[in-house]
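An overview of the molecular structure
Residue-level listing of the chains:
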4 protein chains.
Amino acid sequence: MDFKTSNAEGPVDFINVFDLEKMAQKVIPKGAFGYIASGAGDTYTLHENIRSFNHKLIVPHTLMNVENPSTKTVFDGDELSSPLILAPVAAHKLANEKGEVASAKGVSEFGTIYTISSYSTVDLPEVTQALNGSPEWFQFYFSKDNGINRHIIDRVKEQGIKAIVLTADATVGGNREVDARNNFVFPVNMPIVQEYLPVGVGKSMDYVYKSAKQKLSPKDVEFIAEYSGLPVYVKGPQAKEDVDRAIDAGAAGIWVSNHGGRQLDGGPAAFDSLQEVSKAVNHRVPIVFDSGIRRGQHIFKALASGADLVALGRPAIYGLALGGSEGTRQVFEKLNEELRLVMQLAGTQTIEDVKNYQLRDNHYESSVGYDLNDLKLF
Amino acid sequence: MDFKTSNAEGPVDFINVFDLEKMAQKVIPKGAFGYIASGAGDTYTLHENIRSFNHKLIVPHTLMNVENPSTKTVFDGDELSSPLILAPVAAHKLANEKGEVASAKGVSEFGTIYTISSYSTVDLPEVTQALNGSPEWFQFYFSKDNGINRHIIDRVKEQGIKAIVLTADATVGGNREVDARNNFVFPVNMPIVQEYLPVGVGKSMDYVYKSAKQKLSPKDVEFIAEYSGLPVYVKGPQAKEDVDRAIDAGAAGIWVSNHGGRQLDGGPAAFDSLQEVSKAVNHRVPIVFDSGIRRGQHIFKALASGADLVALGRPAIYGLALGGSEGTRQVFEKLNEELRLVMQLAGTQTIEDVKNYQLRDNHYESSVGYDLNDLKLF
Amino acid sequence: MDFKTSNAEGPVDFINVFDLEKMAQKVIPKGAFGYIASGAGDTYTLHENIRSFNHKLIVPHTLMNVENPSTKTVFDGDELSSPLILAPVAAHKLANEKGEVASAKGVSEFGTIYTISSYSTVDLPEVTQALNGSPEWFQFYFSKDNGINRHIIDRVKEQGIKAIVLTADATVGGNREVDARNNFVFPVNMPIVQEYLPVGVGKSMDYVYKSAKQKLSPKDVEFIAEYSGLPVYVKGPQAKEDVDRAIDAGAAGIWVSNHGGRQLDGGPAAFDSLQEVSKAVNHRVPIVFDSGIRRGQHIFKALASGADLVALGRPAIYGLALGGSEGTRQVFEKLNEELRLVMQLAGTQTIEDVKNYQLRDNHYESSVGYDLNDLKLF
Amino acid sequence: MDFKTSNAEGPVDFINVFDLEKMAQKVIPKGAFGYIASGAGDTYTLHENIRSFNHKLIVPHTLMNVENPSTKTVFDGDELSSPLILAPVAAHKLANEKGEVASAKGVSEFGTIYTISSYSTVDLPEVTQALNGSPEWFQFYFSKDNGINRHIIDRVKEQGIKAIVLTADATVGGNREVDARNNFVFPVNMPIVQEYLPVGVGKSMDYVYKSAKQKLSPKDVEFIAEYSGLPVYVKGPQAKEDVDRAIDAGAAGIWVSNHGGRQLDGGPAAFDSLQEVSKAVNHRVPIVFDSGIRRGQHIFKALASGADLVALGRPAIYGLALGGSEGTRQVFEKLNEELRLVMQLAGTQTIEDVKNYQLRDNHYESSVGYDLNDLKLF
């Protein structure tokens, strides 16, 4: 299988991450770009992920004695330059030949948490090395075979990885129609799981998902927590009952996400679910949020809605495609700069201030939205 | 009258039923396609039928110990591969030369209930034969003459048909402007009723409807129930008073429908009415739902809103047009596959689980919708 | 001033009144058509007039024992073929050379009330003659000079006119920007008021309005009622206080209207106001409704919301332009036919049934709407 | 730096201020026009500023005995021809070579308050002279150095300026992406602050903002009020807590604004905030409102929502570009004429009547809106 994607490394000239998406489409092969950018079914949920941030408004508070607000935050002992972290994204080599090595370097230079996917196209040791001491988390697509799971956890622990993220919202692959239209199969290998599972070059996303465990249950959370001794974040809860089920099973944190609108179409926007999850969690454990982040104001709104960390997916991969490690770093920097600007105008000096900030409910709908159809994905 | 439509038989390559509609437009003659695809008046209700599924959201529940969910269901003693059944649709020969013989074969192979229309273009015995033992229901456009009605019921019973569906929302034809623009008249015969009524080739939809009984009342339900001894489903109730009127008259089930937006424009979306009807029925009798089903998530949402069976109209006819019996089967299979995927991601193992699933109210509107105008119907 | 418009007389081939508008644009000169079709300011209120009918839904009731519903109604002793009447519209000669003579003949043949405008382009006696005994109402743009007003009332009474409609929502002309863009001035005379007022050929709409009385007050209603001895309908109230003010002054009826969105932009849709006005009137006097009627379902919804009569404006004028008296009649017939169809499907046998019908509130917005911009008016 | 913009002076032919914007785009250089017309981020807040006026409706009251309504108003002892005043806008020489001298002459001829910006491109004495006795207010971008602030206040007092407006919502510049795309830097000087601060030709908006004080606090309001002895309006409060903070610090008035959508995107429409601010202020001090005014009905709605004065920004600058002082005057006149028309139709004789007018809540959304994208700003 002959696959050639971007090998860019260096600064990227862009105004916002919507630009970046259009620019990335030009350097990533069509099938790979469709896989990254698109979502499930009618992409209703994907669109709502972005539009839903308008459901809450930031009132710009005045005379607040604020100057040069800081996004620095300490999470679980790690000093981060920002609560903005990298979400687990499969197969970075779709976007850049250097794959996770480059994105890890960029994230490390920005100074935040890197979540490596089970379906990384670079093996664990090389990513850990590229991270150069920055905190690393591991996203787990759980195997049906606990022997394999133990082996992976052993390897993860060897790298000094600090937390495990169990993806619970993707026990099968979503209805990704753009991939079907493009006959997309992975043109790259996935070394972390590939030694046990028949994934990698030539395999479809459906095939890859099916090789993982469908029948996830609270016992799997218990197993990982016990065997690894690491904090386990359950990724996927969007309702109180899911929060309770995860915490009761020993989850150290809740990761609110709808997988970027890639899994169940016709479900709620992740940001809307965050409102409910925050109430349900009620400060028992930390909350990580992803799905739909495209602006500094989105990060602000997620933090003010209960998130402790906010994770970035597609935009980071676009930065990787266009500028390798430096492009990745720039995307984080740009969104963080937008966040700082919002913090100044909202009258918040610190991330703690943001988390205590009261958003205003929006009683009105807007016609302003994101239009994925602009991209002509197939 | 010279009418030539598709004679396709065999597998169809499609991603979703919206595709299928566009593909079907190329093989069905313009007037016939307009008759099938369009709706009444401004098509407000037709559009809302599809958009309204966004009024309820499926929260994807996690760690639910679900694997390979099953859509199998038993209804009134019949084992079905899915609660998805065929809605009564007139004149299948508009879409495929083989008409109801082909659709019956496809539905039978899929393994669900086939509802034959009074305005079938194939006579009862041939359809029953093609169904090969699969459960068959009969949709009744009631005659003004009870002699004829008795005769039809006699014939229906001869076929071993298991239930009668009395269409109560179409005592006259809706304001189908596309048909008027295309000067559409039926180019095919309707043998079930044609021996008594002047319908068939060269007759307009208005004419056909007028030959049936306008003045339907609870007494007609009583008559059919008594004379036939079969369960009678009243098709059309969208409000509590209609539910009560039908059940009081002896209806064995309520079929919630607005006739696919083809009858009264400016009325509610059928899915919105389903919420009210479910409460009104309160488990006294089973509920069948149609109007707007285009996705597995729609079937899921209808079941979770109180429907026991969900009926498919236009998409099945598009499959028939493009692939005969196999195309019909594929459409059911495709939507059922989508349903299974939703079930897995929603954390529901069985149809019973789906029916007990709690949807989340959507407090926000979306701009994402279905645009009939794309089709240029006249 | 050389003005040439349609002189059509005879049957028109059309499917609905939206078609008719586009067809009329081809036979009415640009400035005149802009004057007729357009509205005030951003045309927000004009659009909402039509969209707002979606705020209430007609549930199609079933098994209601209805056949051939009748729109016949008796109003104030007059037997009408329908509660659909003609709204006062200025200057019919803009649309057809025969002007009010032709529209009066058409309305009379349909069999309903004709409301002649003060700014009629045909004088009272000719219109009354063309009406051939059909009920005639007179719309009054009140003069600053009560001598003139008395004279007009005298002439009105001479014709046997049955009621006077005092327009209270147009004490000055609205901000009609299309007229400004087209430099529109009236190319026709207005004989009823012209003998006293400097209106007619070469005068702008603003000029015409200013020649009438601005400072309307309850006293003017009292004056007309007393001097004429005729029932006075006040046209314009959209709120409880306006209803009370008018009835207290002796109004025999309330005419809910926002002048077809031609006067105050940024105000409520007339149909939304009708809900409030009905409650306020509380059956003390009859209610007439206009503004936004384009469909039989709109008439149904207005009647079910408290209107006793429903008046038609622009569509009647388009029929006049395209087919003279016969075109006018056809438009009434077409909308009435749509109404009858809705009545059958809604399960209502008589207009009284419609008035007792309970609409369902719509909790959802729709993206389906009317787009005036399609017409390119300047 | 070679910068050439319009030098127009004289009457402008336009229908409304949306026209004016498109016309102005043709005479103002691209970068400067982008700076004036555009907003922050996704321009959500900018769009909502205009759309939000539809959230309240003006019911046109009838029989109100109104004629020739007057917009005259007395504010703080000054007789104004209208409550419509000039908002502070930076750098009028971007739009017209004569800059603030021309706009001041126009505003003076119209007869209302002129608010001069700290970033005026004409120095204080020339503007005061051009105002020819009309009331002048000074908008203050506060310096980090109180020596400078005292000096500026001294100069302001020398001119007989009547009030100081402290901009509190722009402690840094908003995320103006159009400026970034156009690499916009100021091509003009800013004499009022330039003698102390490194602003003016060749400097970006970000640079200019950063030269002002970020760390604004209630103490700054106290300082200005005490040192100047003038009434201080705090510009920016959109919530109760901000209102209280400003009034407690000695603010003489609250200026509700979101800086025309140029600062914090994702915040509320200014008109929506006005509703909350009015309640919070509860008549303790006067309220000025800006952001989104494009129509007479907007002015009416703002006044009826609690504003005592309504300020105009972009449209005034477009008038300046197209017609110098006369163009500026015309824009005020046009909007005031629209306001008078609305007053007549709403049944309000005086500005006091407007302020006591009860708007109707709009329970429905509209698709009618303003589309900035039409302008192609980069």
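On a predicted model such as this, the values are computed, not experimentally measured, just so you know. All residue numbers refer to position in the chain's written sequence, counted from 1. Chains carry letters from A onward and ligands carry numbers from 1 onward, assigned in written order. Per-residue local features of the predicted model are confined to residues with pLDDT of at least 70, and side-chain atom pairs are confined, for both listing and counting, to 80 or more; whole-chain, interface and lining totals are unaffected and use all residues. No hydrogens and no water enter the side-chain calculation; it runs on all heavy atoms of the structure.

**Some remarks on the overall build of chain A**
Numbering goes from the N terminus for both helices and strands, where a helix is a DSSP run of H or I of at least four residues and a strand is a run of E of at least two. Helix and strand counts for chain A come out as 15 helices and 12 strands. Each radius of gyration reported is based on C-alpha atoms, and the globular scaling rule is 2.2 Å times the count of residues to the power 0.38. Compactness check: chain A gives a C-alpha radius of gyration of 19 Å against a globular reference of 21 Å for 378 residues, within 12% of the reference. Once the C-alpha set of chain A is aligned to its principal axes, its extents read approximately 60 × 45 × 40 Å. Counting the 378 residues in chain A, one finds 70% classified as buried. Here's how the labels work: a residue is buried when its accessible area is under 20% of the maximum for its type, exposed when over 50%, partly exposed in between, all with a 1.4 Å probe on protein chains only.

**Notes on the packing of aromatic side chains**
Two aromatic rings, drawn from Phe, Tyr or Trp (for Trp, its six-membered ring), form a pair once their centres lie within 6.5 Å of each other, and the interplanar angle then sorts them: stacked below 30 degrees, edge-to-face above 60, tilted otherwise. Applying the stated criterion across every chain yields a total of 75 aromatic pairs over all chains. Relative to A:Phe186, the ring of A:Phe184 has its centre 5.4 Å away and its plane inclined at 70 degrees; by these criteria the two rings are edge-to-face. Judged by its relative accessible area of 8%, A:Phe184 is buried. Residue A:Phe186 is classed as buried on the basis of its relative accessible area of 1%. Only when the NZ of Lys or the CZ of Arg is both within 6 Å of the ring centre and within 35 degrees of the ring normal is a charge said to sit over the ring. The ring of C:Tyr35 has C:Arg262 lying over it, and the distance from NZ or CZ to the ring centre is 4.8 Å.

**Considering the packing of helix α2 (residues 30–37) of chain B against helix α14 (residues 314–346) of chain B**
Residues and elements named next belong to chain B. Only the contacting stretch of a helix is used when fitting its axis, a line to C-alpha atoms as for every element, and angles between N-to-C directions run 0 to 180 degrees. Orientation of α2 relative to α14, taken along the N-to-C sense of each, is 155 degrees, at an axis distance of 10 Å. The orientation of α2 relative to α14 falls into the category roughly antiparallel. Within the contact between the two elements, α2 uses Phe-33, Ile-36 and Ala-37 and α14 uses Arg-314, Ile-317 and Tyr-318. Residues that form the contact of α2 with α14 fall into these classes: 5 nonpolar, no polar and 1 charged. Here roughly perpendicular refers to angles of 65 to 115 degrees, roughly parallel to angles under 35, roughly antiparallel to angles over 145, and oblique to all remaining angles. Here a residue-residue contact requires only that any non-hydrogen atoms of the pair lie within 4.5 Å. Polar here means any residue outside two lists: the nonpolar Ala, Val, Leu, Ile, Met, Phe, Trp, Tyr, Cys and Pro, and the charged Asp, Glu, Lys and Arg; Gly therefore counts as polar.

**Remarks on unusual backbone geometry**
Look at C:Ser291: it is not a glycine, yet its phi comes out positive at around 100 degrees. Here C:Ser291 lies in the loop between β10 (287–289) and α13 (296–304). One non-glycine residue, D:Asn65, adopts positive backbone phi at about 65 degrees. Within the secondary structure, D:Asn65 sits in the loop between β1 (56–57) and β2 (73–75).

**Section: the interface of chain A and chain D**
Tallying the contact residues gives 32 residues for chain A and 44 residues for chain D. Two parts placed together each lose some accessible area under a 1.4 Å probe, and the buried area is that loss summed for both. Together, the buried faces of chain A and chain D total about 3,300 Å²; carbon and sulfur atoms form 55% of this surface. When a carboxyl oxygen of Asp or Glu is within 4 Å of a side-chain nitrogen of Lys or Arg, the pair counts as a salt bridge. Applying the counting rule to chain A against chain D returns 4 salt bridges. For A:Asp19, the salt bridge goes to D:Arg181, with nearest N and O atoms at 2.9 Å. Identification of polar contacts relies on pairs of N or O atoms within 3.5 Å, with a donor-acceptor requirement for protein atoms, meaning one able to donate a hydrogen and the other able to accept it, and with residues adjacent in sequence counted only if both atoms are side-chain atoms. Taken together, the links from chain A to chain D amount to 16 residue pairs in polar contact (both at pLDDT 80 or more). Looking at the side of chain A that touches chain D, the elements with two or more residues in it are α1 (17–27), β1 (56–57), α13 (296–304) and α14 (314–346) of chain A. Per-element accounting of the side of chain A that touches chain D gives the leading share, 5 residues, to α14(A). Of the residues that constitute the side of chain A that touches chain D, the class distribution is 14 nonpolar, 10 polar and 8 charged.

**Quick word on the UniProt feature "domain: FMN hydroxy acid dehydrogenase" (unreviewed entry) in chain A**
UniProt positions are given in the numbering used here, feature names are shortened, and annotations may be inferred rather than shown by experiment. Here, the residues flagged by UniProt with the feature "domain: FMN hydroxy acid dehydrogenase" (unreviewed entry) are residues 9–364 of chain A. The span residues 9–364 of chain A carries 44% helix and 12% strand; its end-to-end C-alpha distance comes to 43 Å.

**Examining the arrangement of the chains**
A gap remains between chain A and chain C, with no contact made and the closest C-alpha atoms lying 10 Å from each other. Here chain B and chain D are not in contact; the least distance found between their C-alpha atoms is 10 Å.

**Some words on the side chain of B:Thr73**
Residue and element names in this part refer to chain B. Looking at the secondary structure, you find Thr-73 in strand β2 (residues 73–75). Using a relative accessible area of 16% as the deciding quantity, one classes Thr-73 as buried. Those residues in contact with Thr-73 that lie beyond four places of it in its chain are Asp-78, Glu-79, Leu-80, Ser-82, Pro-83 and Ile-351.

**Let's talk about the environment of B:Gly253**
Residues and elements named next belong to chain B. Tracing the chain through its elements places Gly-253 in strand β9 (residues 253–256). A C-alpha to C-alpha distance of 7.6 Å links Gly-253 and Pro-231, two positions 22 residues apart in sequence. Aside from chain neighbours lying at most four places away, what touches Gly-253 is Val-232, Tyr-233, Val-234, Val-285 and Pro-286.

**Brief notes about the pairing of strand β9 (residues 253–256) of chain C**
All names here are of chain C. In β9, alternate side chains face the same way, and those of Gly-253 and Trp-255 on one face and Ile-254 and Val-256 on the other are all buried. DSSP-based pairing: two strands are paired if at least 2 bridges between them are found. Both strand β8 (residues 232–235) and β9 contribute to a ladder of 3 bridges, which runs parallel. Looking at the pairing, Val-234 lines up with Ile-254 of β9. We call a crossover right-handed when, viewed with both strands directed away from the observer, the connection leading from the first strand over the helix to the second proceeds clockwise. Crossover connection from β8 via helix α11 (residues 240–248) to parallel β9: handedness right-handed.

**A closer look at the relation of the copies chain C and chain D**
When the copies are superposed, the least-squares fit takes in the C-alpha atoms of residues with a pLDDT of at least 70 in both. Overlaying chain C with chain D gives an RMSD of 0.0 Å, the required rotation being 90 degrees about an axis along which the chain moves by 0.1 Å. Put plainly, the chains are arranged around a four-fold axis. Interface residue correspondence from chain C to chain D reaches only 2%, placing this contact among heterologous pairings that use different surfaces.

**Notes on the nonpolar core**
Residue and element names in this part refer to chain C. Residues grouped as a nonpolar core are buried Ala, Val, Leu, Ile, Met, Phe, Trp, Tyr and Cys residues, joined through side-chain atoms within 4.5 Å. Ranked by size, the top nonpolar core spans 116 residues in total, and within it Phe-289 and Phe-300 carry the most contacts. If you tally residues by element for this core, the top one is helix α14 (residues 314–346), at 15 residues. Non-local contacts of Phe-289, meaning those with residues more than four positions away in its chain, are made with Phe-53, Trp-255, Val-256, Ala-270, Phe-271, Leu-274, Ala-302, Ala-307, Leu-309, Val-310 and Ala-311.

**Considerations on the interface of chain C and chain D**
Interface size is commonly expressed as the accessible surface area that is lost when the partners come together. Contact with chain C, which involves 44 residues of that partner, is made by 32 residues of chain D. For the pair chain C and chain D, the summed buried surface comes to about 3,300 Å²; carbon and sulfur atoms form 55% of the total. Run the count over chain C and chain D and you get 4 salt bridges. Close ionic contact of D:Arg295 with C:Glu177 constitutes a salt bridge, the shortest N to O distance being 2.6 Å. On inspection of chain C and its partner chain D, the count reaches 15 residue pairs in polar contact (both at pLDDT 80 or more).

**Examining the pattern of salt bridges**
A side chain of one charge can pair with a side chain of the opposite charge if their charged atoms are brought near each other. Residue and element names in this part refer to chain A. Using the criterion set out here, one finds 84 salt bridges over all chains in the structure. The closest approach of N and O atoms between Asp-78 and Lys-162, which form a salt bridge, is 2.5 Å. Here Asp-78 is found in strand β3 (residues 78–80), whereas its partner Lys-162 is found in the loop between α6 (146–158) and β7 (163–167), with 84 residues between them in sequence. Classification of Asp-78 by relative accessible area gives buried; the value is 11%.

**A closer look at helix α3 (residues 44–51) of chain A**
Counting buried positions along α3(A) gives 8 out of 8 residues, so the element sits mostly inside the fold. Contacts from the buried residues of α3(A) go to α2 (30–37), α12 (270–281), α13 and α14 of chain A together with β1 (56–57) of chain B.

**Section: the pairing of strand β9 (residues 253–256) of chain A**
Residues and elements named next belong to chain A. Note that β9 and strand β10 (residues 287–289) share 3 bridges and pair parallel. Paired with Val-256 across the two strands is Phe-289, which belongs to β10. A crossover connection joins β9 to the parallel β10 through α12; in handedness this β-α-β unit is right-handed.

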